[in-house]
Structures are given as structure tokens and as C-alpha cells.
Amino acid sequence: MMRFIALAISVVLASAQAAPAGPWLREKGKGFAAISGNITQEKDTSGSAYFEYGLRETITVGADLFYGIDRTLQQSGSGIVFLRFPISEPDATHKWAWHVGIGARSQNTVITPAVEAGLSWGRGIKIGERYGWAVIDSSLNIPGSDLETRIKLDGTIGLGFTDHVKGMAQVFMTHQGGEIFAKFAPSMLLVPGKSSYTIQIGLEIPIQGEGDTEFKLGLWRDF
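Residues numbered from 1 in each chain as written. Predicted model: local features only at pLDDT ≥ 70, side-chain atom pairs only at ≥ 80, totals over all residues. Heavy atoms only, no water.

Q: How should I be thinking about the packing of aromatic side chains in this particular structure?
A: Aromatic ring pairs are defined here through the distance separating the ring centres and the angle between the ring planes. The tally for this structure, following the rule as stated, stands at four aromatic pairs. Ring centres 6.0 Å apart and planes at 20° place the aromatic pair Phe 51 and Phe 223 in the stacked group. Of this pair, Phe 51 sits in strand β2 (residues 45-56) while Phe 223 sits in the segment after β12 (214-222), and the two are 172 residues apart along the sequence. Using a relative accessible area of 33% as the deciding quantity, one classes Phe 51 as partly exposed. (Phe/Tyr/Trp six-rings, centres within 6.5 Å; stacked < 30°, edge-to-face > 60°. Helix = DSSP H or I, 4+ residues; strand = E, 2+ residues; numbered from the N terminus. Buried < 20%, exposed > 50% of the residue type's maximum accessible area, 1.4 Å probe, protein only.)

Next comes the structure, spelled out in C-alpha cells:
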């Protein structure tokens, strides 16, 4: 199992901004928003919202929100407001950026402040005549004493098939409470006509730790 995780991450590392997070900053005055909902066969549900806005050419402000409730009515949530800053030059092939944020985490009735810092790498790729992107996002989220520190490492590789259809594969890894949880998440991205919206349809499949396969439906918008 761990060999599969290592292989998936190495593919991402070996492989143009089109997804939430990543090292690309938003242009000044331009933004991006994404919402999504997940559900399992056992009716575990979760939802997320993500927002970025170019405050300056070298500063992107954003928010990352999550809420989930499982079949036993156990609830969890998190919210971070962050600032992202570039490390690499604007014309660099390999893009690097870091972010720092503040917010809160929750587990049922326990709500505690949290701070977060992270590092992102990404670059555009070309496979044959098709263009795409590869991204690695990492973060360290430290809450108050009532909850566990969370370390995340997420990998994304995407490829455009046509002007209206893209494919994306992601690996999400989380270390929390002495355990490692990992998911493989393939999805399709559909752009209707000349719309500024993108529809995401995908799955999140556990490959390490507990959990069930989740169906995901999301909506992205550039503005």
C-alpha cells in the first residue's frame, strides 16, 4: 500500500494553474472561487469552499473552509484565511510559493484557534500535443491543545484534452494523531461553452487509513 502511495507521489513530482491552491499567484484584482460537496454510499457528507483574490502582484489573499458530518453524526470542520507570497521569479519554469494563515478547527463541540504555514511547488507540463500542470502543496496546521496537529501533502497532475474537457488526478495525504490517511482522487473538469465556470466530477478513493469512497461534485469560477 505504501509503495502505491510513493509511486503516485513520484508520478506527480515527475510530471498552468487550473486548480485551487498551488504556487501561482492571482493577478491583481482577479480571483478564483470553488465549492464542492462529497458523499459516500453510507451517507457520510462533507463540503468545502475555497477562495483566492489577487491583492497585489506579489500577494494573494484566500480562504479555505471545510465541514463534514458522518453517518454517526460526528462533525468536523476547519477554516483558514491565508496570504500567499512568491518565492520564485515570475518567469521561472518551476514555481514556488509559501503561505501563512490563521483560523480555527472544530471537532463536534470543540472549537479551537489554529495557525497554518505551507510551501507549494508547481509547473506547466506538456504530454504530446496536450498541455497541463503539476503541483505539490504542503501545509502544517497547528490548533489549540484540544486537537491534533495536522500535516498535509497533496499532489495534483492535470491535462487538457480539449478546450472544454480536462482530466485531473490527485493524491491527498494527511498525518494526524499519529496516523497517515491517504486518498487517490481522479476527476474530470468540464467547461461549458465559453463559460467562466468549470464543473468538477470525481471520486476520492481511500488508499491508506479508514474511510469509504466518496463521490465529488464541484463548481469553479474565475472572476
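Q: Just to check I follow, could you spell out the sheet that holds strand β4 (residues 75-86) for this structure?
A: Pairing between sheet strands relies on hydrogen bonds along the backbone, with the strands arranged either parallel or antiparallel. Strand order in this closed barrel of twelve strands is β1-β2-β3-β4-β5-β6-β7-β8-β9-β10-β11-β12, and the pairing throughout is antiparallel. Across the sheet, the mean angle separating the axes of adjacent strands is 20° when strand polarity is ignored. For strand β10 (residues 179-190) and strand β11 (residues 197-208), the ladder comprises seven bridges, and the chain directions are antiparallel. Considered in β11, the bridge of Met 188 is made with Ile 201. (Pairing = 2+ DSSP bridges. Axes fitted to C-alpha atoms, helices over the stretch in contact; angles between N-to-C directions.)

Q: Looking at this structure, how should I read the side chain of Arg 26?
A: Its place among the elements puts Arg 26 in the loop between α1 (2-14) and β1 (31-40). Side-chain polar atoms of Arg 26 contact the side chain of Glu 52, separated by 2.6 Å. (Polar contact = N/O pair within 3.5 Å; in protein donor to acceptor, adjacent residues only side chain to side chain.)

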